[in-house]
Amino acid sequence: MRCPFCGHEDTQVKDSRPHEDGTAIRRRRICASCSQRFTTIERVQLRDLYVVKADGRRVPFERDKLARSIRVALRKRPVDEDRIDRIVNGLVRQLEASGETDIASRDIGKLVMDTLREVDIVAYIRFASVHWDFRETKDFAAILESIPVGPGEERPAAIRVPAADSGAAVASGYGPDGIKRR
Ligand SMILES: [Zn+2]
């Protein structure tokens, strides 16, 4: 770290302590040349991610938006808030670790679906019915067939296959709001 006073390149760290709930580190430094003291704050710099939509539009990745869509899928399912936070964190880490700055919305959807399938099959179907374009309709029908249903419960039925990005998906019997349709 170059000294901001004299430009000397050798500065010593005198003290380091956690800053902002441990998400950053505050360091007191002293210049080896002019002995001026200054402070630096070091925080993790995550890469800025962009989502590339099906129509080619490129928009900044929004963690909150991802979290919202997952919360909608998991509404009233036996998955607590802590677990949802961990799921979202895990997904964001995976996206960041991909090494790409631009990520296709379809790839994000696939990643979320792969995760939700492990967490809760109903949430998976809800998410898939809203965000997936059902190119693999046959696979999806097989998934619906594989869902265990308890006594008195109704197996989610494929009602119709929505057009891509129609936003009106009801293929699983669940609306975009996560509420079961008849
Ligand atoms: Zn200096």
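Every chain's residues receive numbers from 1 upward, in the order its sequence appears when written. Where local features are concerned, this predicted model is filtered to residues with pLDDT of at least 70; where side-chain atom pairs are given and counted, the filter is 80 or more; whole-chain, interface and lining totals use all residues.

**Student:** Quick question: what am I supposed to make of the confidence of the model for the chain here?
**Tutor:** Low-pLDDT stretches of the model should not have their predicted coordinates read in fine detail. pLDDT runs from 0 to 100 and stands for how confident the predictor is about each residue. Summing up the model confidence of the chain, the mean pLDDT is 79 and the portion of residues at 70 or higher is 68%. C-beta atoms are first placed from the backbone for all residues, and any pair lying within 7 Å is then listed as a contact. With pLDDT under 50 throughout, residues 159–172 is counted as low confidence; its partners more than four residues away or in other chains account for 35 contacts.

**Student:** For this particular structure, what's the right way to read the environment of Gln36?
**Tutor:** Along the chain, Gln36 turns up in the loop between strand 2 (24–31) and strand 3 (37–43). Discounting chain neighbours no more than four positions away, the residues touching Gln36 are Cys3, Phe5 and Cys31. Here a helix means four or more residues in a row that DSSP labels H or I, a strand means two or more in a row labelled E, and each is numbered from the N terminus.

**Student:** How should the nonpolar core be read in this particular structure?
**Tutor:** Soluble globular proteins tend to bury their nonpolar side chains together. Core analysis: the biggest nonpolar cluster contains 18 residues, and Ile70, Ala73, Val112, Leu116, Ala123, Tyr124 and Phe127 have the highest contact counts within it. Listed by contribution, the elements that provide at least two residues to this core are helix 1 (63–73), helix 2 (81–97), helix 3 (105–119) and helix 4 (121–131). In terms of residues, this core owes the most to one element, helix 4, which gives seven residues. Excluding its chain neighbours within four sequence positions, the residues that come into contact with Val112 are Ile70, Leu91 and Phe127. By definition, a nonpolar core groups buried Ala, Val, Leu, Ile, Met, Phe, Trp, Tyr and Cys residues that are joined through C-beta atoms within 7 Å. With C-beta atoms placed from the backbone, a residue counts as buried when 20 or more other C-beta atoms lie within 10 Å of its own, as exposed when 12 or fewer do, and as partly exposed for counts between those limits.

**Student:** Would you mind showing me how to read the packing of helix 2 against helix 3 here?
**Tutor:** Where helices are involved, their axes are fitted lines through C-alpha atoms of the stretch in contact, as for all axes, and angles between N-to-C directions lie from 0 to 180°. Interaxial distance between helix 2 and helix 3 falls to 11 Å at its minimum, and their mutual angle equals 140°. As for the relative orientation of helix 2 and helix 3, their crossing is right-handed in sense. Across from Ile87, Leu91, Gln94 and Leu95 in helix 2, the residues of helix 3 making contact are Ile108, Leu111, Val112, Thr115 and Val119. Crossing handedness: left-handed means the near helix sits turned counterclockwise from the far one by under a right angle, and right-handed means the same turn made clockwise.

**Student:** What am I meant to see in the packing of helix 3 against helix 4 here?
**Tutor:** Each pair of packed helices can be summarised by the angle the axes make with each other and by the distance between the axes. Running from amino to carboxyl end, helix 3 crosses helix 4 at an angle of 160°, the nearest separation of the two axes being 7 Å. When the axes of helix 3 and helix 4 are compared, the pair comes out roughly antiparallel. Along this stretch, helix 3 crosses helix 4, giving a crossing that reads as left-handed. Across from Gly109, Val112, Met113, Leu116, Arg117 and Val119 in helix 3, the residues of helix 4 making contact are Ile121, Ala123, Tyr124, Phe127, Ala128 and His131. Across the contact of helix 3 with helix 4, the residue classes tally to nine nonpolar, two polar and one charged. For classification, angles of less than 35 degrees are called roughly parallel, those exceeding 145 degrees roughly antiparallel, those between 65 and 115 degrees roughly perpendicular, and all remaining angles oblique. All amino acids are sorted into three groups, where Ala, Val, Leu, Ile, Met, Phe, Trp, Tyr, Cys and Pro are nonpolar, Asp, Glu, Lys and Arg are charged, and the leftover types, Gly among them, are polar.

**Student:** Explain the sheet that holds strand 5 (residues 58–60) to me, please; I cannot follow it from the model alone.
**Tutor:** Within a sheet, each strand pairs with its neighbour through backbone hydrogen bonds, oriented either parallel or antiparallel. The three strands are arranged 5-4-6 in an open sheet whose pairing can be described as mixed. Each having just a single partner strand, strand 5 and strand 6 (102–104) make up the two edges of the open sheet. Pairwise comparison of adjacent strand axes, ignoring direction, gives a mean angle of 35° for this sheet. Two strands pair if DSSP finds at least two bridges between them. The pairing of strand 4 (residues 50–52) with strand 5 spans three bridges and is classified as antiparallel. When the bridges of strand 5 are listed, Val52 appears paired with Arg58.

**Student:** Even after reading the chapter, I still don't get the environment of Arg2, so can you show me in this structure?
**Tutor:** As for its placement among the helices and strands, Arg2 is situated in the segment before strand 1 (11–19). Arg2 sits 29 residues away from Cys31 along the chain, and the two C-alpha atoms are 8.4 Å apart.

**Student:** Which parts of the structure should I look at to understand the environment of Arg106?
**Tutor:** Note that Arg106 resides in helix 3. For the pair Arg106 and Lys53, spaced 53 residues apart in sequence, the C-alpha separation works out to 7.6 Å.

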